[in-house]
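In case you want the letters, here they are:
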Amino acid sequence: MLFNPIAVVVAALSTFVVGFIWYNPKVFGTIWMQESGMTEEKAKKGNMLKIFGLTFIYSLLIAFVVAPMVIHQMGALAMIGGPNKLSEALPSYSSFMDDYEDAFRTFKHGALHGFMTGLLFVLPIIAINGLFEQKSWKYMLVTGGYWVVSLTIMGAIICGWK
């Protein structure tokens, strides 16, 4: 198996840990609340089961997409047409996987790709939305920073935990 499904679930759960720390009032929570227009009263009115349940589902979807971004061997599997085509793969595929099955499968390498994804893909998306929504740079950096850190950790977990 090219990725560990338990690692994907743990990576999804890691977004909660990062969020608990990141959005703590002593870290960036107060700034985020001011810049987003969130109030304590409004936050208390939210349906927490819905919010946290959907957050987990969305984080799980993100973790599944992070896997092929941080595990390069998944690209080799895609080149032969996916897991359904393993029986039809040329012998060179097996030789390649024998030689390179664990190449770049480290926490450090996954963290690098997760960081790059957050910084070069997610942060610009958040900034573009923020510009059109006329949000402050503080809001965009706090929100984008959360995803850069989260994706760094997700990438490390998924790539390094075989």
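Residues numbered from 1 in each chain as written. Predicted model: local features only at pLDDT ≥ 70, side-chain atom pairs only at ≥ 80, totals over all residues. Heavy atoms only, no water.

K.L.:
How would you summarise the packing of helix α4 (residues 48-70) against helix α8 (residues 137-160) if you had to cite specific residues and measurements?
P.N.:
Viewed as axis vectors pointing N to C, α4 and α8 meet at an angle of 60°, and their least axial separation amounts to 9 Å. Looking at the two axes, α4 sits oblique to α8. Handedness of the α4/α8 crossing: right-handed. Of α8, the residues touching α4 (which contributes S59, I62, A63, V66, A67 and V70) are W147, L151, M154, G155, I158 and C159. Here the residues of the contact of α4 with α8 sort into 10 nonpolar, two polar and no charged. (Axes fitted to C-alpha atoms, helices over the stretch in contact; angles between N-to-C directions. Helix = DSSP H or I, 4+ residues; strand = E, 2+ residues; numbered from the N terminus. Parallel < 35°, antiparallel > 145°, perpendicular 65-115°, else oblique. Left-handed = near helix turned anticlockwise from the far one by under 90°. Contact = heavy atoms within 4.5 Å. Nonpolar A, V, L, I, M, F, W, Y, C, P; charged D, E, K, R; others polar.)

K.L.:
How would you explain helix α1 (residues 5-22) if you had to name every residue and give the values?
P.N.:
Over its 18 residues, α1 extends 26 Å from the first C-alpha to the last, a length consistent with the 26 Å expected when each residue adds 1.5 Å. Taken as a whole, α1 has its buried residues at A7, V8, A11, A12, S14, T15, V18, G19 and W22. Buried residues belonging to α1 abut α2 (29-36), α4 and α8. Near the N-terminus of α1, the side chain that reaches the backbone nitrogen of I6, with its oxygen 2.9 Å away, is that of N4. (Expected span 1.5 Å × (residues − 1). Buried < 20%, exposed > 50% of the residue type's maximum accessible area, 1.4 Å probe, protein only. Polar contact = N/O pair within 3.5 Å; in protein donor to acceptor, adjacent residues only side chain to side chain.)

K.L.:
I'd like a rundown of a nonpolar patch on the surface, residues and numbers included.
P.N.:
On the surface, L112, F115, M116, L119 and L120 cluster together into a nonpolar patch covering about 450 Å² of accessible area. Take F115: it is sitting in helix α7 (residues 107-132). (Patch = residues over 30% accessible without salt bridge, like charges linked within 9 Å, V, L, I, M, F, W, Y side chains within 5 Å. Areas by Shrake-Rupley, 256 points an atom, 1.4 Å probe, with all protein chains shown as cover. Salt bridge = Lys/Arg side-chain N within 4 Å of Asp/Glu carboxyl O.)

K.L.:
Any details on the nonpolar core? Residues and values, ideally.
P.N.:
The biggest cluster of nonpolar side chains holds 22 residues, and the ones touching the most others in it are A11, A63, V70 and I158. Elements represented by at least two residues in this core include exactly α1, α4, α5 (73-79), α6 (91-100), α7 and α8. (Core = buried A, V, L, I, M, F, W, Y, C linked by side-chain atoms within 4.5 Å.)

K.L.:
Would you mind going over the environment of A111 in detail, with residue names and values included?
P.N.:
Counting through the fold element by element, A111 comes out in helix α7. Assessed through its relative accessible area of 19%, A111 is described here as buried. As for A111 and I157, which are separated by 46 residues in sequence, their C-alpha atoms are 7.9 Å apart. With residues near it in sequence (within four places) discarded, A111 still touches T152, G155 and A156.

K.L.:
Please provide a residue-by-residue account of a negative patch on the surface, values included.
P.N.:
On the surface, D98, D99, E101 and D102 cluster together into a patch of negative charge. Tracing the sequence through the fold places D102 in the loop between α6 and α7. (Lys, Arg positive; Asp, Glu negative; His and termini not counted. Charge placed at Lys NZ, Arg CZ, Asp CG, Glu CD.)

K.L.:
Would you mind going over α4 in detail, with residue names and values included?
P.N.:
In this model α4 runs 32 Å from its N-terminal to its C-terminal C-alpha over 23 residues, within 8% of the 33 Å that 1.5 Å per residue would give. Looking at the buried side of α4, the elements it contacts are α1, α5, α7 and α8. For α4, the capping residue at the N-terminal end is N47, with a side-chain oxygen 3.2 Å from the backbone nitrogen of L49.

K.L.:
For the packing of aromatic side chains, give the residues involved together with the corresponding values.
P.N.:
Within this structure, the stated rule accounts for seven aromatic pairs. Between F3 and F64 the ring centres are 6.1 Å apart and the planes differ by 90°, which places this aromatic pair in the edge-to-face class. Of this pair, F3 sits in the segment before α1 while F64 sits in helix α4, and the two are 61 residues apart along the sequence. A relative accessible area of 42% places F64 in the partly exposed class. Look at F96 and Y100: their rings are 5.0 Å apart centre to centre, the planes differ by 40°, and that puts the pair in the tilted class. With F96 and Y100 both in helix α6 and four residues apart, the pair spans about one turn of that helix. Taken together through their ring pairs, the aromatic side chains of Y23, W32, Y146 and W147 make up a single cluster. One Lys or Arg, K135, reaches over the ring of Y139 and ends 5.2 Å from the middle of that ring. (Phe/Tyr/Trp six-rings, centres within 6.5 Å; stacked < 30°, edge-to-face > 60°. Lys NZ or Arg CZ within 6 Å of the ring centre and 35° of its normal.)

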